[in-house]
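# Close look at the chain arrangement
Residue-level listing of the chains:
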Amino acid sequence: MSSLIQKSLKKTRPIWLMRQAGRYLPEYQKIRKKQKNFINFCLNIHDATEVTLQPVKRYNLDAAIIFSDILVIPYALGQEVNFKENIGPVLGDFKIENFKKIKEKEFINKIKNVYLAIKKTRKKLNRNKTLIGFAGSPWTILVYIINKQSPKKNKIYKEILKDKKHIKQLLKIIEKFIIIHIKEQIKAGADTIQLFDSWAGLLKQEDLNFFCFQPTKRIIKKIKQQYPRISIICFPKGIGEQISKFCKIVKPDVLNIDSKINPDFVNKKINKNIIIQGGMDPKFLLAKTKMLKKKAEFYLKKFKNRNYIFNLGHGVAKETKPNAVQDLVNIVKAFK
Ligand code: CP3
């Protein structure tokens, strides 16, 4: 059991934040400036380690999440990945035939610096802190591979319905490499894994099982077979009350909830042996401290009677003032 999970049972709640390392931190900006290409930045062992540790040092958070991106998977499969100011990620063309030819060793070698950064971070990180590795879930990676940028609602559906057989093959390949990527991160020293299904909310209800629940369930099964002590956090973002079905089928160790989920629904429908993480809208980090306290304590109170890891309903916004994060950490640690 990772230290994060152990601490989730205690009165003083553990806290870490999605995108805790990032553009809102001046010390991040300073290192980020040196490298124009974002993937190369992620693959710089020294910089990735340094940036991973920055928020943990500044705020004494309970976990570090390795600084990388979910899009290192398409990158390692040979698809071009660029990040453009104001657009976000822009991917190149791909051929499924090329993906099929990629050998496990080749894939690992292309992003081995992610694993080396994990190794280095683990050495520098205090033993009582968790080191989180992560991957995108198959559906979300599929969305980026096909759509080549963050999707606008519905457009992706037409693409998928165009050639179901092709999509099924692609999904299988992605699933295989996600498992490889996760296992390498565990071997390097990650003790907890978070699976981001950021675009699960695009799926129609009748497609959730095939594209989201079942692939995630298979990944967890494969990881747990080999590494039964690794904890897995799932974040199927935007699926609303379908989280209840998600939990029944997938059985994650931890469920991260987005800000649209009602905590009362969670308490009623999600089995107590599943730990809850997150929930608070990151926009409250831009509000006055009084409001921030009210909103943070709302979640702390609602989940008082179950295991809870404080986090957000999505990543820290780049407009966030570093002091607001400090206020939030103080609020969470003071709450009893
Ligand atoms: O601190 C952490 O959370 C760890 C690092 C991390 C990053 N991306 C760094 C990053 C993690 C866990 C991710 C996950 C990720 N990446 C997701 C899933 C979570 C989510 O946000 O829904 C997704 C969809 C991506 C793809 C991605 N990467 C997008 C859409 C963008 C551009 C949007 C943006 O915020 O600029 C990125 C770039 C990115 N990944 C940045 C960071 C810190 C900003 C890039 C920069 O510094 O210029």
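Overview of the structure. Quick caveat, the model's predicted, so the values are computed rather than measured.

Analysis parameters
- Residues numbered from 1 in each chain as written.
- Predicted model: local features only at pLDDT ≥ 70, side-chain atom pairs only at ≥ 80, totals over all residues.
- Heavy atoms only, no water.
- Pairing = 2+ DSSP bridges.
- Helix = DSSP H or I, 4+ residues; strand = E, 2+ residues; numbered from the N terminus.
- Near = heavy atom within 4 Å.
- Polar contact = N/O pair within 3.5 Å; in protein donor to acceptor, adjacent residues only side chain to side chain.
- Areas by Shrake-Rupley, 256 points an atom, 1.4 Å probe, with all protein chains shown as cover.
- 1 Å grid on protein atoms, 1.4 Å probe; cavity = no way out; pocket = protein on both sides within 12 Å on 5 of 7 lines; lining within 4 Å.
- Sits in = over half its atoms within 2 Å of the grid points.
- Points joined across faces, edges and corners; volume = space filled by probe spheres on them.
- Nonpolar A, V, L, I, M, F, W, Y, C, P; charged D, E, K, R; others polar.

With that settled, the discussion passes to the pairing of strand β3 (residues 88-91). As defined by bridge partners, strand β2 (residues 81-84) adjoins β3 across four bridges and the pair is classed as antiparallel. Residue pairing across strands places Asn 82 opposite Val 90, the latter belonging to β3. With antiparallel pairing between neighbouring strands as the criterion, β2 and β3 make up a hairpin whose turn holds three residues, including Asn 86 at a positive phi of roughly 70°.

Turning to the site of the ligand, a few remarks are in order. By nearness alone, 22 residues border the ligand, and Arg 19, Arg 23, Tyr 28, Asp 69 and Ser 198 come closest of all. Residue Arg 23 places a side-chain N or O atom 2.7 Å away from an oxygen atom belonging to the ligand. Within the contact set of the ligand, a nitrogen atom lies 2.7 Å away from a side-chain nitrogen or oxygen of Asp 69. Taken by itself the ligand offers 870 Å² of open surface, and the protein chains cover 86% of this. If you map the ligand onto the pockets, it falls in the largest pocket.

Let us now look at empty space enclosed by the protein. The full count for this structure, using the stated rule, is one cavity of 30 Å³ or more. A volume near 30 Å³ is recorded for the largest cavity. What lines the largest cavity is Ser 137, Leu 195, Asp 197, Cys 212, Thr 216, Cys 234, Phe 235, Pro 236 and Phe 246. Among the secondary structure elements, those contributing two or more residues to the lining of the largest cavity are β5 (192-197), α12 (205-226) and β6 (231-236). When residues of the lining of the largest cavity are assigned to their parent elements, the largest contribution, three residues, is made by β6. The residue makeup of the lining of the largest cavity, split by class, is six nonpolar, two polar and one charged.

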